[in-house]
Amino acid sequence: QVQLVESGGGLVQAGGSLRLSCAVSGRTVSRNAMAWFRQAPGKEREFVSAIGRYGLSTTADSVKGRFTISRDNAKNTVSLQMNSLKPEDTAIYYCAASDTGLLRTTGVSYDYWGQGTQVTVSS
């Protein structure tokens, strides 16, 4: 059984930082592509960042230079470091895992999802 459990969300002021973590069981983060998506109220889910089997990563233009994805193979976790947060970053953030190691930016490419963690950035 595959489980993804996000943590680290919360309320932060604009300009602040948060670090999200995703604990994975049932899949190996070093072999499978992992990603973060987010969904703001009234908006569609959008891609944030992903890391593939060989360590390559990609990040959405809207957060590039502010957000960084990483993984800890020993702990089997994936993290998202978010700096210089803006009110428009407010959303529920979801961790996702693929059954392949291919780097993809679309939600349909990912097979397993966590429950999400709320990030709220106040102005």
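The structure this text deals with has already been given above.
Cut-offs applied
Residues numbered from 1 in each chain as written. Predicted model: local features only at pLDDT ≥ 70, side-chain atom pairs only at ≥ 80, totals over all residues. Heavy atoms only, no water. Helix = DSSP H or I, 4+ residues; strand = E, 2+ residues; numbered from the N terminus. Contact = heavy atoms within 4.5 Å. Phe/Tyr/Trp six-rings, centres within 6.5 Å; stacked < 30°, edge-to-face > 60°. Buried < 20%, exposed > 50% of the residue type's maximum accessible area, 1.4 Å probe, protein only. Lys NZ or Arg CZ within 6 Å of the ring centre and 35° of its normal. Pairing = 2+ DSSP bridges. Axes fitted to C-alpha atoms, helices over the stretch in contact; angles between N-to-C directions.

Draft legend 1. The side chain of Thr77, seen in detail. For Thr77, the position within the fold is in strand S8 (residues 77–82). Setting aside its immediate chain neighbours within four residues, Thr77 contacts Cys22, Ala23, Val29, Ser70, Arg71 and Asp72.

Draft legend 2. Representation of the packing of aromatic side chains in the model. In this structure the tally under the stated criterion is three aromatic pairs. With a centroid separation of 5.7 Å and an interplanar angle of 70 degrees, the aromatic rings of Phe37 and Tyr110 are classed as edge-to-face. Of this pair, Phe37 sits in strand S4 (residues 34–39) while Tyr110 sits in the loop between strand S9 (91–97) and strand S10 (112–113), and the two are 73 residues apart along the sequence. Judged by its relative accessible area of 2%, Phe37 is buried. Between the aromatic rings of Phe37 and Trp113, the centroid separation amounts to 5.0 Å while the plane-to-plane angle is 55 degrees, which identifies the pairing as tilted. Here the residue Phe37 occupies a position in strand S4, and Trp113 occupies one in strand S10, the gap between them amounting to 76 residues. Over the aromatic face of Phe37 sits the side chain of Arg45, whose NZ or CZ is 5.7 Å from the ring centroid.

Draft legend 3. Representation of the sheet that holds strand S7 (residues 67–72) within the structure. Read across the sheet, four strands follow the order S1-S3-S8-S7 without closing on themselves; strand pairing throughout is antiparallel. Whereas interior strands pair on both sides, the edge strands pair on one side only; in this sheet they are strand S1 (3–7) and S7. When the angles between neighbouring strand axes are averaged without regard to direction, this sheet yields 15 degrees. Where strand S3 (residues 18–25) meets S8, six bridges bridge the pair, whose relative direction is antiparallel. Bridging from a neighbouring strand, Ser21 pairs with Ser79 of S8.

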